[in-house]
Amino acid sequence: MDSITLDKTDIAILKALQEDASISNLELADKVSLSASPCSRRVKLLQDAGYFRGKVTLLEPNKVGLPVSVFIQITLSRQEKRNLVSFESKISRWSQVMECYLMTGDFDYLVRVAVSDLHSYQTFLDHLTEMDGISHIKSSFSVKQICYKTELPLDHLP
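Quantities reported herein were computed from a predicted structural model and do not represent experimental measurements.

A. Up close: the overall build of the protein. A count of helical and extended segments in the protein gives 5 helices and 4 strands. For the protein, the N- to C-terminal ordering of α and β elements is α-α-α-β-α-β-β-α-β. Taken over C-alpha atoms, the radius of gyration comes to 20 Å for the protein, far larger than the 15 Å a tight globule of 158 residues would show. Its C-alpha atoms put the protein at 55 × 40 × 25 Å along the principal axes. Sequence-distant contacts, at least 24 apart, represent 64% of the contacts inside the protein between residues at least 6 apart. Per element, the accessible surface of the protein, about 11300 Å² overall, is 52% carbon and sulfur. Charge separation in the protein, taken as the distance between the mean sites of 18 positive and 20 negative side-chain charges, equals 2 Å.

Here it is as structure tokens:
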């Protein structure tokens, strides 16, 4: 991946694409005050430099029957490299797992899962407890989502 120095136009492109990745090149060019060809070239340079992880359509969890978010704190028995790699490999394959973070502090991993109901979570938990090397699991259910963003803040960029 090539390294590029971002200017205000590049940052405007990044912001616009975070808001709506389906925007046409013509609309994007208009939004960032460029003509279509230079805009397309800049998007390609940003893509080649690794600024984009992919394009997705965000689904409404309630509409697809997954209204329950559960945050799970997981502590492993031993924090050895092979145990970490094994856990991460297994947990990443489960479709219910939306996010998983290796943490500092009182527990090793913070995992967010999306499930349809308590019964579905119990089934997930049954699979989780079958994994070797876990010493502690603490689950917290989200009562209400206050804020959810997919757009990264770019105000710190020049």
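B. Representation of unusual backbone geometry in the model. Of note in the backbone geometry, S33 takes a positive phi value of approximately 60° without being a glycine. By the element assignment, S33 lies in the loop between helix 2 (25-31) and helix 3 (36-48).

C. Structural context of the sheet that holds strand 1 (residues 68-76). Across the sheet, 4 strands lie side by side as 2-3-1-4; this open sheet has antiparallel pairing. Across the chains shown, the open sheet's two edge strands, defined by having one partner strand only, are strand 2 (97-102) and strand 4 (134-141). Within this sheet the neighbouring strands show an average axis-to-axis angle of 20°, counted without direction. Each of strand 1, strand 2, strand 3 (109-115) and strand 4 touches helix 4 (residues 81-92); the most contacted strand, strand 2, lies at about 165° to it.

D. Looking closely at the packing of helix 1 (residues 8-19) against helix 3. At a minimum axis separation of 11 Å, helix 1 and helix 3 run at an interaxial angle of 80°. With respect to their mutual orientation, helix 1 and helix 3 come out roughly perpendicular. Listed contacts from helix 3 to T9, D10, I13, L14 and L17 of helix 1 are R42, V43 and L46. When its residues are assigned to classes, the contact of helix 1 with helix 3 shows 5 nonpolar, 1 polar and 2 charged.

E. Examining the nonpolar core more closely. Judged by nonpolar contacts, the single largest core of 19 residues is most densely connected at I72, I74, F87, V113, Y121, F124 and L128. Mapped by element, the contributors of at least two residues to this core are strand 1, helix 4, strand 3 and helix 5 (118-129). Element by element, the count of residues in this core is highest for strand 1, at 5 residues. Grouped together as the second largest cluster of nonpolar side chains are 14 residues, A16, L17, V32 and L46 included.

F. A look at helix 3. For helix 3, with 13 residues, the first-to-last C-alpha span of 18 Å sits near the 18 Å given by 1.5 Å per residue. All of the buried residues along helix 3 are C39, V43 and L46. With its buried residues spanning 60° around the axis, helix 3 presents them on a single face. For helix 3, the secondary structure elements touched by its buried residues are helix 1 and helix 2. A positive phi of about 90° marks G50, the residue just after helix 3.

Definitions and cut-offs
Starting from 1, residues in each chain are numbered consecutively following that chain's sequence as written. Since the coordinates come from a predicted model, pLDDT governs what is reported: local features require at least 70, and pairs of side-chain atoms require 80 or more to be given and counted, while whole-chain, interface and lining totals use all residues. Processing note: side-chain calculations cover all non-hydrogen atoms of the structure and skip hydrogens and water entirely. Each helix corresponds to a stretch of at least 4 residues labelled H or I by DSSP, and each strand to a stretch of at least 2 residues labelled E; elements are numbered beginning at the N terminus. For this measure, only C-alpha atoms enter the radius of gyration; the expected value for a globule follows 2.2 Å times N^0.38, where N is the number of residues. For this analysis, residues touch if any pair of their heavy atoms sits within 4.5 Å. Areas reported as accessible are Shrake-Rupley estimates using a 1.4 Å probe. Residue values count occlusion only from the protein chains shown. As used throughout, the charge tally considers Lys and Arg to be positive and Asp and Glu to be negative, leaving His and the chain termini uncounted. Lys charges are placed at NZ, Arg charges at CZ, Asp charges at CG and Glu charges at CD. For two strands to pair, DSSP has to find at least two bridges joining them. To obtain each axis, a line is fitted to C-alpha atoms, and for helices this fit is confined to the stretch in contact; angles are then taken between N-to-C directions over 0 to 180 degrees. When describing relative orientation, an angle under 35 degrees is termed roughly parallel and one over 145 degrees roughly antiparallel, while 65 to 115 degrees is termed roughly perpendicular and anything else oblique. When residues are grouped by polarity, Ala, Val, Leu, Ile, Met, Phe, Trp, Tyr, Cys and Pro land in nonpolar, Asp, Glu, Lys and Arg in charged, and all others, Gly among them, in polar. Think of a nonpolar core as a cluster: buried Ala, Val, Leu, Ile, Met, Phe, Trp, Tyr and Cys residues, connected wherever their side-chain atoms sit within 4.5 Å. Relative accessibility decides the category of a residue: with a 1.4 Å probe and only protein chains considered, values under 20% of the type maximum give buried, values over 50% give exposed, and everything between is partly exposed. Take the residue count of a helix, subtract one, and multiply by 1.5 Å to get its expected span. The arc in question is the one traced by the directions running from the helix axis out to the C-beta atoms.

On their own, these measurements won't tell you what the molecule is for.
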